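So you can see what is in the structure, the chains are spelled out below.
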Amino acid sequence: MKILKFGGTSVGSPERMMEVRKLVVNEEPKIVVLSAIAGTTNSLVEIAQCLYKKENKQANLLIGELESKYQSFIKELYDTETGLNKGSEVINNHFGFIRSFTQDSFTIHEEKAILAQGELISTALFHFSLEEKGMASTLLPALNFMRIDEYGEPDMAYITGNLKTELEKHSGEILFITQGYICRNPFGEIDNLRRGGSDYTASIVGAAIHASEIQIWTDIDGMHNNDPRFVEETHPISELSFDEAAELAYFGAKILHPSSIRPAKDKNIPVRLLNTMKPEAAGTLIGPNISGSGIKAIAAKEGITAVKIKSGRMLMAYGFLRQIFEVFEHYRTPIDMIATSEVAVSLTIDDTTHLDEIVQEIEKYGTVEIDRDQAIVCIVGNFGMDESGHALKVFDALKDIPIRMISYGGSRYNVSVLINQQYKNKALKAINVGLFNKKG
Ligand code: ADP
Ligand code: ASP
Ligand code: MG
C-alpha cells in the first residue's frame with residue numbers, strides 16, 4: 001500500500017482536483033491524504049481570531065466570503081445534479097457548524113474544531129467527485145485514528161491499532177481518502193499537527209501501516225537546493241538521505257513539515273516528493289542511503305532566540321552544562337545549536353513559551369543575555385570527515401554577513417550558522433552564488 005499526500009495547491013481549484021482524481025485512480029492500493037483547499041486554513045485562522053475578539057460581525061463576513069468561494073468551487077467540480085447536491089450538503093453542514101460559533105462562547109477547543117473544517121470539506125468534496133465519476137473510494141475519518149499524546153507527539157500505538165480497525169471495516173477496497181493535519185488530543189478533543197501538518201499525517205499513516213512508499217505531491221518538482229521563495233535560480237535535488245531531508249525540513253524548507261521525515265525514517269519507508277503540475281518530473285527520493293558528496297542544499301529558519309550564559313563557574317568545572325540543559329529539559333524546550341567556551345555557553349531555541357521561567361532558573365548559574373529575531377542558516381550535504389574546504393566555501397560566501405554562532409562537526413551532513421534575521425535572505429542568496437554558482 002502507498003500513501004499519496006496532496007497539498008493545498010494540488011487541490012486548490014476544481015481543475016486541480018480533477019487532475020488529482022486522474023493520479024489516484026489505478027489498480028494500486030493507496031491511502032490518499034488531502035490538505036484543505038489552498039487558502040482555507042488561513043481564512044479559518046482569521047475567522048477564529050475574530051471570534052476570539054468577539055468581532056462576530058467581521059467573522060460572519062469572512063465566513064460568508066469563504067462559503068461563496070466553495071459554492072463556486074462545487075459548481076465547477078460536479079457535472080451532475082446529484083453531485084452538486086452532495087457538494088452543497090457538505091458545504092451547508094460544515095459552514096453551519098462554523099457559523100454556530102458566532103452565537104456561542106468561543107475557546108481554544110472551538111478554534112481547533114474550526115481549523116479542522118478545511119480538511120473535512122476537501123476530503124468529502126473529493127470523495128463525492130470520485131463517486132460522481134463512478135470511481136469507488138472510502139473515506140477514513142482521521143479523527144477516528146489520528147491521536148497525539150500530552151506532549152503533542154503522535155501516539156503511534158493508538159494510531160496503528162485504530163487505523164487497522166478502520167481499514168479492516170473495508171477489506172477488499174483499494175482507494176482510501178483521509179484528512180491530513182487533523183487529529184485528537186489525549187482528552188479526545190479535536191486538535192491538529194500544526195501548520196503544514198498534512199505531510200506529517202502522511203508519514204505517520206505510512207509508518208503505521210508499513211507503507212511501501214510515501215508520496216508528497218505539491219506544487220514544485222521536489223526539494224530544491226535553496227528556498228525558491230527568496231532565491232532566483234534553484235534546482236531540484238534527485239536524492240537525499242532521511243537525515244539530510246529531516247535537517248532541511250526542520251530548518252525551514254517549507255516543502256516538508258519539520259517533523260515529517262521521522263516516522264518514515266523509523267520504519268525505513270522511502271519518501272518521494274512529486275509535482276502535481278508536472279507529474280512526469282523525477283522529483284526527490286528520500287531514503288536510507290547517502291548519495292553524492294559535498295554541499296547539496298540550504299534552508300533557513302527565522303524566529304530563533306539565542307541564550308548566552310556567562311559564568312566563571314564554568315572554568316575547569318564539570319557538571320555545569322548538565323545543570324543548564326536540565327533546565328531546558330524541565331521546560332521541554334528543544335535546543336537547536338550550541339557553542340561553548342571556557343567561560344560561556346550560547347545556545348538557540350525556537351520555542352520561547354517558557355523563556356521567562358528558563359532565564360529565571362539559569363540566572364542562578366551566571367549572567368544571561370538574550371538575543372531575539374535570529375535565523376539559523378543550515379547547509380546540508382555530505383561532508384566526509386577527511387574532506388577539506390567545505391567550511392571555507394561556506395564562510396567565504398558569507399563573508400559580508402555578521403555571524404553570531406557556528407555549528408560544524410555535530411554530524412557529517414550539516415553546517416549551521418546563526419545570523420541576525422535581517423540578513424537571512426542575503427545569506428541564502430550569497431550561498432546560492434558562492435556555493436552553487438547560480439543567481440542569488
Ligand atoms: P503544500 O500546500 O503542497 O503542502 P507548501 O506550500 O507547504 O505546499 O510547500 C511547497 C512550497 O515550499 C513550494 O512552493 C516552495 O515555495 C516552498 N519551498 C521552500 N523551500 C523549498 C525547497 N528547498 N524546495 C522546494 N520547495 C521549497
Ligand atoms: N491545511 C493545513 C495548513 O494549511 C495543513 C496543510 O496544508 O498541510 O497548514
Ligand atoms: Mg505544506
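Shown above is the structure to which this text applies.
First, a word on what this report is: a plain description of the structure on this page. (Residues numbered from 1 in each chain as written. Chains lettered and ligands numbered in written order. Predicted model: local features only at pLDDT ≥ 70, side-chain atom pairs only at ≥ 80, totals over all residues. Heavy atoms only, no water.)

1. Brief notes about helix 2 (residues 40–52)
Reasoning step 1: In this model helix 2 runs 18 Å from its N-terminal to its C-terminal C-alpha over 13 residues, within 8% of the 18 Å that 1.5 Å per residue would give.
Reasoning step 2: Turning to helix 2, its buried residues are Thr 40, Thr 41, Ser 43, Leu 44, Ile 47, Ala 48, Cys 50 and Leu 51.
Reasoning step 3: Of the surrounding elements, those touching the buried residues of helix 2 are helix 3 (56–77), helix 4 (81–100), helix 5 (108–115) and helix 6 (117–132). (Helix = DSSP H or I, 4+ residues; strand = E, 2+ residues; numbered from the N terminus. Expected span 1.5 Å × (residues − 1). Buried < 20%, exposed > 50% of the residue type's maximum accessible area, 1.4 Å probe, protein only. Contact = heavy atoms within 4.5 Å.)

2. Here's the deal with the sheet that holds strand 7 (residues 213–218)
Reasoning step 1: Strand order in this open sheet of 8 strands is 3-4-2-1-7-9-10-8, and the pairing throughout is mixed. What marks the edges here is a single partner per strand, and that holds for strand 3 (138–140) and strand 8 (239–241). Between one strand axis and the next, the sheet turns by 20° as a mean value, whatever way the strands run.
Reasoning step 2: For strand 9 (residues 271–275) and strand 10 (residues 284–287), the ladder comprises 3 bridges, and the chain directions are antiparallel. By the bridge assignment for strand 10, Val 271 is matched with Ile 286.
Reasoning step 3: Lying on the sheet, helix 1 (residues 14–24) is in contact with strand 1 (2–6), strand 2 (30–34), strand 4 (175–179) and strand 7; it crosses strand 1 at an angle near 170°. (Pairing = 2+ DSSP bridges. Axes fitted to C-alpha atoms, helices over the stretch in contact; angles between N-to-C directions.)

3. Focus: the environment of Lys 296
Reasoning step 1: In this fold, Lys 296 is placed in strand 11 (residues 294–310).
Reasoning step 2: When the C-alpha positions of Lys 296 and Gly 381 are compared, they lie 4.7 Å apart, and in sequence the two are 85 residues distant.
Reasoning step 3: Discounting chain neighbours no more than four positions away, the residues touching Lys 296 are Asn 225, Ile 237, Glu 239, Leu 240, Glu 244, Ser 291, Val 380, Gly 381 and Phe 436.
Reasoning step 4: In this structure the side chain of Lys 296 is engaged in a polar contact, spanning 2.9 Å, whose partner is the side chain of Glu 244.
Reasoning step 5: At 2.6 Å, the side chain of Lys 296 and the backbone oxygen of Ser 291 are in polar contact. (Polar contact = N/O pair within 3.5 Å; in protein donor to acceptor, adjacent residues only side chain to side chain.)

4. Overview of the packing of helix 2 against helix 5
Reasoning step 1: Direction vectors running N to C along helix 2 and helix 5 enclose 155°, while the axes themselves pass 9 Å from each other. Between helix 2 and helix 5, the crossing angle belongs to the class labelled roughly antiparallel. Both helix 2 and helix 5 take part in a crossing whose hand is right-handed. Contacts between helix 2 and helix 5 involve Thr 41, Leu 44, Val 45, Ala 48, Leu 51 and Tyr 52 from the former and Ile 108, Glu 111, Ile 114 and Leu 115 from the latter.
Reasoning step 2: Split by residue class, the contact of helix 2 with helix 5 holds 8 nonpolar, 1 polar and 1 charged. (Parallel < 35°, antiparallel > 145°, perpendicular 65-115°, else oblique. Left-handed = near helix turned anticlockwise from the far one by under 90°. Nonpolar A, V, L, I, M, F, W, Y, C, P; charged D, E, K, R; others polar.)

5. A few points about helix 8 (residues 198–209)
Reasoning step 1: Taking 1.5 Å of rise per residue, the 12 residues of helix 8 would be expected to cover 16 Å, and the 17 Å separating its terminal C-alpha atoms lies within 8% of that figure.
Reasoning step 2: Along helix 8, 11 of the 12 residues are buried, which leaves the element largely enclosed by surrounding structure.
Reasoning step 3: Those residues of helix 8 lying buried are Ser 198, Asp 199, Tyr 200, Thr 201, Ala 202, Ser 203, Ile 204, Val 205, Gly 206, Ala 207 and Ala 208.
Reasoning step 4: A positive phi of about 50° marks His 210, the residue just after helix 8.

6. Focus: the pairing of strand 14 (residues 367–382)
Two faces make up the sheet, and in a regular strand the side chains alternate between them.
Reasoning step 1: In terms of strand pairing, strand 11 meets strand 14 through 13 bridges, oriented antiparallel. In the strand pairing of strand 14, Lys 310 is matched with Thr 367.
Reasoning step 2: Here 7 bridges tie strand 14 to strand 16 (residues 414–420), and the two strands are oriented antiparallel to one another. Looking at the pairing, Ile 376 lines up with Leu 418 of strand 16.

7. A closer look at the pattern of salt bridges
Reasoning step 1: In the structure shown here, the tally under the stated rule is 20 salt bridges.
Reasoning step 2: A salt bridge links Glu 28 to Lys 2; the nearest nitrogen and oxygen atoms lie 3.4 Å apart. Linking Glu 28 in the loop between helix 1 and strand 2 with Lys 2 in strand 1, this pair joins segments that are 26 residues apart in sequence.
Reasoning step 3: Judged by its relative accessible area of 17%, Lys 2 falls in the buried class.
Reasoning step 4: A salt bridge links Arg 322 to Glu 326, with the shortest nitrogen-to-oxygen separation between them at 3.2 Å. Here Arg 322 and its partner Glu 326 are both found in helix 11 (residues 320–330), 4 residues apart, which amounts to about one turn of the helix.
Reasoning step 5: Residue classification places Glu 326 among the partly exposed residues on the basis of a relative accessible area of 40%. (Salt bridge = Lys/Arg side-chain N within 4 Å of Asp/Glu carboxyl O.)

8. Some thoughts on the packing of aromatic side chains
Reasoning step 1: One pass over the full model with this rule turns up 9 aromatic pairs.
Reasoning step 2: Measuring from centroid to centroid gives 5.8 Å for Tyr 70 and Phe 95, while their planes differ by 55°, and the two rings are tilted. In this pair, Tyr 70 is assigned in helix 3 and Phe 95 in helix 4, connecting sequence segments 25 residues apart. The two residues Tyr 70 and Phe 95 agree in class, both being buried.
Reasoning step 3: Ring geometry for Tyr 250 and Phe 251: centres 5.0 Å apart, planes at 85°, overall edge-to-face.
Reasoning step 4: Accessibility expressed as a relative area gives 27% for Tyr 250, which makes it partly exposed.
Reasoning step 5: The class of Phe 251 is buried, set by a relative accessible area of 5%. (Phe/Tyr/Trp six-rings, centres within 6.5 Å; stacked < 30°, edge-to-face > 60°.)

9. With respect to the packing of helix 13 (residues 390–397) against helix 14 (residues 424–436)
Reasoning step 1: Here helix 13 crosses helix 14 at 135°, and the two axes come no closer than 8 Å. When the axes of helix 13 and helix 14 are compared, the pair comes out oblique. Of the two possible hands of crossing, helix 13 and helix 14 adopt the one that is right-handed. Contacts between helix 13 and helix 14 involve Lys 393, Val 394 and Ala 397 on the former and, on the latter, Ala 430, Ile 431, Gly 434 and Leu 435.
Reasoning step 2: For the contact of helix 13 with helix 14, a count of residues per class yields 5 nonpolar, 1 polar and 1 charged.

10. Structural notes on the site of ligand 1
Reasoning step 1: Within the structure, ligand 1 sits among 16 residues, and Lys 5, Thr 218, Asp 219, His 224 and Lys 254 are positioned closest to it.
Reasoning step 2: One of the side-chain N or O atoms of Lys 5 is found 3.0 Å from an oxygen atom in ligand 1.
Reasoning step 3: Within the side chain of Thr 218, an N or O atom sits 2.7 Å from an oxygen atom of ligand 1.
Reasoning step 4: Considered on its own, ligand 1 offers 570 Å² of accessible surface; in the complex 87% of this is hidden by protein.
Reasoning step 5: Within the shell around ligand 1, the residues separate by chemical class into 5 nonpolar, 6 polar and 5 charged. (Near = heavy atom within 4 Å. Areas by Shrake-Rupley, 256 points an atom, 1.4 Å probe, with all protein chains shown as cover.)

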